[in-house]
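Each chain, letter by letter, is given below.
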Amino acid sequence: MLQKQIVRVAVADTTYGFDRAFDYALPGLDSNAGAGMGASAGASPGAGCSPKTNPLPGCRVLVPFGNGNRTRIALILSYADCEKNVIYKEISGVIDETPAVTAEGLALINRLRETTFCTYFDACKLFLPASFNVKLKTRYKVNAERFDALRPLMSDDDITAVEQIKKTGNYSGDNLKYLLSEAIIYHEEYITKKAKTEKIVRLTDEYREGRLKYAFTNDKTRKTIEHLKNSPDITDKELAKLFDISSASLKTLQKRGVVDIITVKSDSVTISATADRYENPLTLTEEQRTAADGILTLIRSGKPSASLLFGVTGSGKTAVFTELIINVINSGKTAILLVPEIALTPQLKRRFTEIFGNAVSCLHSGLSVSRRAEEYARIRAGNCKLLIGTRSAVFAPIDNIGLIIIDEEQERTFVSEMSPRYDAKEIAKTRCVYHNAALVLASATPSVESFYHAKTGRYNLFTLTKRFAEAVLPDVNIVDVAADGYYNDSQNLSCTLVSEINDNLTRHEQTILLLNRRGFNTIITCRSCKQTIMCPHCSVALTYHKSEGKLRCHWCGYAGDEVKACPACGSEYLNFIGTGTEKIESEIAELFPSARVLRLDADTIGSRGSYDEQFTAFYKGDYDILLGTQMVAKGLDFPNVTLVGVISADSALYAGDYRSYERTFSLLTQVAGRGGRGEKPGRAIIQTFNPHHYILKLAAAQDFPAFFEEEIGNRKLLLYPPFCDIYVLEFGGSDDVKTAAAAAEFASLIRIAVNERINLTHEKIPLILLGPAKCIRERIKNKFRYKLIIKCKSNSTFREILSESYKKTFTERVFDRISVSIAANGDASM
């Protein structure tokens, strides 16, 4: 008797407490593996039927699961040994004939499950674009022989139901259970894989060239047409979001010949142009050459390495990146360049495309589904030599990696805020070990942890102390708003800043203004009853967006109409306080009527092309002032920007997290560094009510080493990373009491488990538990939130304790509606 082949699989849609690897037998190649399993049109080849060859690890399959043997999607993790006297269920169908996830990807899935406490399939989703997703659906069929036999005894309603099932295969009536129990009908599962399509809206050639003319009086239509003149690739959904234009209105425009609406599907692979060797168009300075040569020596060693490239703003780190990437690609390997913001990708892609042609790919969440599918296909086919993207690009199936660069490595955007709560830097380290590649972390303001590792020898340290092309660092002026005063009727711009902006406008030089809050007013209070107008779903004040007449919650997305009276007492005496970018834009328009102002924040960037279009327009001089949130603070290079103004430096200082000083220093240093990057000297104005704060003074001096010495001393004294690891557990539930109880139970189980392990093994398990306590914003999206902070050493022993405590807490039905997220080194503010 032939021994069965066994595969170890992860099953979709399991809870964390029940998530583990399950063993199944592969059916014989001549067996009807797909019995009862149909494959719909559009399903991938081999779906729901026996494969020509046995599926490999990384392939998705269908398996009978649980006592009811309901069909589930599963991912093959590995082959396993067949044990004697064990009865194995057999897989019932194969979805992928070739692995959807690579061997490296499978190893990362196991690592993610261990370190981020997610399920196998939560991790699996990170490796596949939306176009690869499959769905398992149920349809019903009629057992004709049984139906004919029982028909005389059936009610009219039952007969009608059966006739409907014959036509549609779908039914959800109350008598469904009866029809199934009497075997009059039966169900079968099938998989669907829809081809992802989108509708692209473009102006017709006739309208664009002026051969067709219409006068549009409708404001939404007029704004849509104006936007389409500059946006060659935008979907109907994006236009609806930007201008609230309906699909019916777009179809009317299509009938009139004004626009074309094109349904696109991406299933092709673009072949990359190749060259024998690439040359760096830039000439490196002596400092840049020293840094590049040092890192290249590590790359050529063929061993995994980690380096920190620490250089002042404007020191030409990108020129070093270019030299490294060219050498890696010339050696036959590939490279990944990660950046913290989507807004930074267009400039970089344009720069590197000039060198490598279409061997450059780009991946980030701002791309359309079809475009992501196309880029993913190119990468899988081996046609990408350089991948540029945000944090999710670290999971791309690019092979033969020689180098991974993470620019602005200190940014928290490299850490996912949704499960799995991964850190792209940690994933990059794991991939570099797998490929024997080099990891380069780069920043003018590196994280305290990274600089500590560089100073202590864990990372290699390379420094750039001078600005490129002999440019000088900007002259930074800290303005005490209390002493300097606001200019005339302005509520936010000091006399000094207004004077400097006016000077810049006179000299035809550009200005960047930073305020890391959007909207017009951030809080509305009632003068009569003192109530603040809050989001109905969150413990958050609603933000007033004047241009659209809406009150919005920036946490759950709730939007309500502008209020004229207090919802609590009816008083019309409302106080609008707090300032966002929209209000600053209004003040600038009053103070400088002739200035051309570009506001960039999440409210104005609605389409995928907007980043590139707007930054290009500012670069070309179409605007005098760029006003925005943190997306304008880093990585951008505008030679004619000579003035940078920080509207309010105080709010970030007192965020309540142990990283608040680090983030403030980084933000101020980075945004000040946007000025004076060309031939003209730059200056920066930092407005504050606390001008003597040492963080502001160090940021003004751009003195990171001095900041590091202050901060590392505080971290050591108060026991924060890098001197410990921190896990932040956030509990959420609709019942406040049960959520608090779940958090307390979890904390209790951890203490008990640690004490038991110490008594049993005499291991040293350092542990400090803070909380649980209510989060600062105690309710978000109608869920009450509690936070538990754990200071510990994150090793396999403690992760095992944390995992078991997680499972024990949430296998109790009393907590079955409570969610928990676990973040390593997350936001530790209570």
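Please refer to the structure higher up on the page.
Just so we're clear, the structure is a prediction, and the values are computed from it rather than from any experiment.

## Looking at the environment of Ala 292
By the element assignment, Ala 292 lies in helix H10 (residues 286-300). For the pair Ala 292 and Ala 319, spaced 27 residues apart in the sequence, the C-alpha separation amounts to 9.3 Å. Residue contacts for Ala 292: discarding those within four places in its chain leaves Leu 284, Val 320, Glu 323 and Leu 324.

## Details of the environment of Leu 337
Tracing the backbone shows Leu 337 in strand E13 (residues 334-338). It is 4.8 Å that separates the C-alpha atoms of Leu 337 and Ile 388, two residues lying 51 residues apart in sequence. The residues contacting Leu 337, other than those within four sequence positions of it, are Phe 321, Leu 348, Phe 352, Leu 386, Leu 387, Ile 388, Gly 389 and Ile 405.

## A short note on the sheet that holds strand E1 (residues 6-11)
Backbone hydrogen bonds are what pair the strands of a sheet, in a parallel or an antiparallel way. If you trace the 5 strands from one edge of the open sheet to the other, you get E2-E1-E5-E4-E6, paired in antiparallel fashion. The open sheet is flanked by strand E2 (21-25) and strand E6 (93-94), the only strands paired with a single partner. Bridge analysis of strand E4 (residues 60-65) against E6 gives 2 bridges, and the strand direction is antiparallel. Opposite Val 61, over in E6, you have Val 94 as the bridge partner.

## A few points about the packing of helix H1 (residues 103-116) against helix H14 (residues 424-435)
Here H1 crosses H14 at 140°, and the two axes come no closer than 11 Å. In this view, H1 runs oblique relative to H14, as classed from their interaxial angle. The chirality of how H1 crosses H14 is right-handed. On H14, the residues that touch Ala 103, Glu 104, Leu 108 and Leu 112 of H1 are Ile 427, Thr 430, Arg 431, Tyr 434 and His 435.

## Re the environment of Leu 514
Tracing the chain through its elements places Leu 514 in strand E20 (residues 510-514). Between the C-alpha atoms of Leu 514 and Glu 745, which are 231 residues apart in sequence, the distance is 44 Å. Apart from the residues within four sequence positions on either side, Leu 514 is in contact with Gly 628, Thr 629, Gln 630, Val 632, Gly 645, Val 646, Ile 647, Leu 667 and Val 671.

## A short note on the pairing of strand E32 (residues 783-792)
Taken across its 10 residues, E32 has 8 buried, putting it largely inside the fold. Bridge analysis of strand E30 (residues 725-733) against E32 gives 9 bridges, and the strand direction is antiparallel. Across the sheet, the residue bridging to Asp 725 is Cys 792, located in E32. As paired strands, strand E31 (residues 767-780) and E32 are joined by 8 bridges and run antiparallel to one another. Each bridged residue has a counterpart across the sheet, and for Arg 779 the counterpart in E32 is Phe 784. In this structure, the hairpin formed by E31 and E32 is closed by a connection of 2 residues, where Lys 781 is found at a positive phi of approximately 55°.

Calculation criteria
- Residues numbered from 1 in each chain as written.
- Predicted model: local features only at pLDDT ≥ 70, side-chain atom pairs only at ≥ 80, totals over all residues.
- Heavy atoms only, no water.
- Helix = DSSP H or I, 4+ residues; strand = E, 2+ residues; numbered from the N terminus.
- Contact = heavy atoms within 4.5 Å.
- Pairing = 2+ DSSP bridges.
- Axes fitted to C-alpha atoms, helices over the stretch in contact; angles between N-to-C directions.
- Parallel < 35°, antiparallel > 145°, perpendicular 65-115°, else oblique.
- Left-handed = near helix turned anticlockwise from the far one by under 90°.
- Buried < 20%, exposed > 50% of the residue type's maximum accessible area, 1.4 Å probe, protein only.

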